[in-house]
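# Understanding the architecture of this molecule
Listed below, chain by chain, are the residues.
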Amino acid sequence: MADAPTAVPATPNAVGSAFEGMGSHIAILNAIPAHVAVLDHMGMILVVNEAWRRFGTANSLQSEDFLTGHDYLAVCEGATGENADDAAEVAVGIRAVLDGRLSEFDIEYPCHSPTEERWFRLLVAPLQLGEHQGAVAMHVDVTIRRRAEVEAHRLASIVESSEDAIIGKTLDGRVTSWNRGAERMFGYTAAEMIGTSITRLFPVTRLAEEADILDRLRHGDSTEHFETSRVRKDGRPIEASLTVSPMRDSTGAVVGASTVARDISDRKRLERQLLQAQRLEGIGTLAGGIAHDVNNALSPIMLAVDLLRMSPQDASSRELLDAIDSNAQHSADLVRQILTFARGVEGDRIDVNVNRLVSDVERTALGTFPKEIEVRTSVADNVWRVGGDPTQLQQVLVNLCFNARDAMPTGGTLIISADNVTLDTNDAGRYLGAKVGPYVRLHVEDNGTGILPDDLERIFDLFFTTKTVGKGTGLGLSTSLAIVKSHGGFVRVDSEPGHGTKFDVYLPARTSVVHVAQDRAVERPHGHGELVLVVEDEPSIRQITQKTLEAFGYRVIVATDGAQALAIYEQHPDEIALVLIDMMMPVMDGPTAILALRTLNPTLRIIAASGLVRSGHDATASLGVRYFLAKPYSVDALLAMLRACLDDVL
Ligand SMILES: Nc1ncnc2c1ncn2[C@@H]1O[C@H](COP(=O)(O)OP(=O)(O)OP(=O)(O)O)[C@@H](O)[C@H]1O
Ligand SMILES: [Mg+2]
């Protein structure tokens, strides 16, 4: 490598000698940290400063080419590799300055070494050298500024691509920056928001919050994970978690705030659903206990009515009996609904034709609703079937339609529809009880009074009603929810006070083979003198059951608890054909007695009875007892079950 003198004119030609006159400035050139070279009118390097030379050496450039006496334009034009395009542009620029076509040329270009990324800015300015025009070329290292720019750009793109809304504002609440997350979350574009007040996003009831937030900011305090509500551009409310931090200038003074806002509407909805589910569970346990006792009181009444009907009566007694019967039935229905809610429901699980379900309910609605209510139904083509109990599902739809009717006292439109939906993980995560997969969605919509937000949280509560006494018991929705849950489904409500309400019932769909349900015939099968052991602690039920069975051809022995039942069975093991046993008794309860009886006779025919449908059923099933009688039972149900159990092939 030739060791050319630094900042010493090479005096290769006349222009060079003109430059000699500037010899006193060479010390100045050397003091400049930028890489400086003086070019003659042809682009030949006349002089380079110390920094230029050092750079060339440090970077193992072909130093010769960059030192005095070399044609800088030719070097640039001949450049190869990554920077060839920039170098060619430099050559064009320098030539334009030398020719007087440009008063200055300025370019920024990358000049990365193998170990670091670097950028330079080249400034070329004309320099009169005697009668010719040369130029000064100066390369300034702008790497630090470029890195800062890249970093700022990277930060900006993180902010831009964030899912969260990131908003900048001044201390008087004017928006200064608005990222894409904010656009998505609030529906306003940056152009719409910047320069306007952040309080546009506040619901009226929350306006006071801003003063507090700004006050904290002025004191340099931030507000973290503050949960509140805001309003989108389309008017929809959203629940948001906000973290507002002070932004400071270089002197440390607070000049504004950055807000990171996250939409937590989904999380809040799930939290509410969970709380509601727990509250319902609590109410259910309480109600279930009461319902159980009422059930026990109703059973003998209902059985007695059936028995009394069998003996001749005068007209007025018959009327009284009818009244007792219908009231007892009504009470039993209420109790059943409460138990449905409290314990969940048992029921058939057959393929239910949704088309038929909707048309049956439509018929009920058209037949009984006032003419001012227009009923519209639509069922999507090829709607899937659901596995369930058609009577219960019909009850759900009827309850929803009755509520809709009550919400439209002066008339309106009731829409009942059904369609198929397939939930993805996103959907499933949003609703308690929802799973990924196919559902049939039953939709009931009215344009009635709507439901106030505070009420909306409670409508599924047992006995929650806004109707006057006699108009509503508050059982409709709680029962419906219990039914839907027992079918593996869930319910969504959307209501706008003054505008109407939409209920969506999602039921897991059966997308495969269709089974047709068989109607079960109801008969009153008699006994043929079989001996039945009735185990029941409640005297009235025991007595009436005994009378009923005897009236229908059975012989009966009674026991008041499990221990007594065992003793009796041990005396008549060959005669007793069947044991009808209550599950909840003092001294020895049903399950214990059943286990003991089974050790005496593993094939003994047993029917277990209980008012707690779900738990009773589960308990008997786990004991291997296949016959379960739900209380309160009718004569028909009792006789049918007895016959079925006795005729069962063991
Ligand atoms: N479509 C609706 N529009 C307006 N409010 C409704 C609607 N559906 C339910 N509600 C509100 O929810 C409450 C509870 O409904 P639910 O069906 O459980 O009981 P109810 O209708 O009052 O009485 P019941 O159904 O036992 O006769 C209602 O009292 C009413 O305030
Ligand atoms: Mg109702």
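Residues numbered from 1 in each chain as written. Chains lettered and ligands numbered in written order. Predicted model: local features only at pLDDT ≥ 70, side-chain atom pairs only at ≥ 80, totals over all residues. Heavy atoms only, no water.

Heads up, the condition is: UniProt positions are given in the numbering used here, feature names are shortened, and annotations may be inferred rather than shown by experiment.
Going by an unreviewed UniProt entry, the chain carries the name histidine kinase and comes from Gemmatimonas groenlandica. The annotation that UniProt attaches to the chain under Catalytic activity (unreviewed entry) is "ATP + protein L-histidine = ADP + protein N-phospho-L-histidine."

### A few points about the sheet that holds strand 19 (residues 555-559)
So the rule is basically this: One requirement defines pairing of two strands: DSSP has to find at least two bridges between them. Counting from the N terminus, the helices are DSSP H or I runs at least four residues long and the strands are E runs at least two residues long. Axes, fitted as lines to C-alpha atoms, cover a helix only where it is in contact. Angles between the N-to-C directions of the axes lie from 0 to 180 degrees. Working rule for contacts: check all heavy atoms of both residues, and any pair within 4.5 Å makes them a contact.
Read from one edge of the open sheet, five strands run 19-18-20-21-22, paired in parallel fashion. Edge positions in the sheet fall to strand 19 and strand 22 (627-630), since each has one partner strand and no second. This sheet shows a mean twist of 20 degrees between the axes of neighbouring strands, independent of strand direction. For strand 20 (residues 576-582) and strand 21 (residues 606-610), the ladder comprises four bridges, and the chain directions are parallel. Bridge assignment links L580 to a residue of strand 21, and that residue is I607. Contacting strand 20 and strand 21, helix 19 (residues 590-600) crosses the sheet at an angle of about 160 degrees to strand 20.

### Details of empty space enclosed by the protein
Quick note on the threshold: Of the two site types, the cavity is a set of points on a 1 Å grid over the protein atoms alone where a 1.4 Å probe fits but cannot get out, and the pocket is an open set with protein on both sides within 12 Å along at least five of seven lines, each lined by residues with an atom within 4 Å of a point. Grid points are joined across faces, edges and corners, and a volume is the space filled by probe spheres set on the points. Each residue gets one of three labels, nonpolar for Ala, Val, Leu, Ile, Met, Phe, Trp, Tyr, Cys and Pro, charged for Asp, Glu, Lys and Arg, and polar for the others, Gly among them.
This structure, assessed with the given rule, holds four cavities of 30 Å³ or more. Taken as a whole, the largest cavity spans an internal volume of roughly 90 Å³. I198, F202, R230, L242 and T259 are the residues nearest the centre of the largest cavity, which is lined by 13 residues in total. Secondary structure elements with two or more residues in the lining of the largest cavity: strand 6 (165-170), helix 9 (208-218), strand 9 (237-248) and strand 10 (254-263). Residues belonging to the lining of the largest cavity are distributed by class as follows: nine nonpolar, one polar and three charged.

### Observations concerning the packing of helix 12 (residues 354-368) against helix 13 (residues 390-406)
Here is the rule we go by: An angle below 35 degrees is read as roughly parallel, one above 145 as roughly antiparallel, one from 65 to 115 as roughly perpendicular, and any other as oblique. Crossing handedness is defined as follows: a turn of the near helix away from the far one that is anticlockwise and smaller than a right angle gives a left-handed crossing, while the clockwise case is right-handed.
Two elements in contact, helix 12 and helix 13, have axes separated by 10 Å at closest approach and are oriented at 45 degrees. With respect to helix 13, the element helix 12 is oriented oblique. At the point where helix 12 passes helix 13, the crossing takes the right-handed sense. On helix 13, the residues that touch L357, V358, D360 and V361 of helix 12 are P390, L393, Q394, L397, V398 and C401.

### What to know about the domain arrangement of the chain
Note the threshold: What counts as a domain boundary in this text is fixed by an automatic or database domain assignment.
When the domains of the chain are assigned, the result is domain 1 (14-146), domain 2 (162-263), domain 3 (350-510) and domain 4 (531-647). In this structure, domain 2 and domain 4 have C-alpha centres spaced 69 Å apart.

### Quick notes on the sheet that holds strand 5 (residues 132-141)
The strand order 2-1-5-4-3 describes an open sheet built from five strands, whose pairing is antiparallel. Single-partner strands in this sheet number two, and they are strand 2 (45-48) and strand 3 (105-110). On average, adjacent strands in this sheet sit at an angle of 20 degrees to one another, irrespective of strand direction. Across the sheet, helix 3 (residues 50-58) touches strand 1 (35-39), strand 2, strand 4 (119-129) and strand 5, and the angle it forms with strand 1 is around 110 degrees. Relative to the sheet, helix 5 (residues 84-98) contacts strand 1, strand 3, strand 4 and strand 5, its axis offset from that of strand 3 by approximately 165 degrees.

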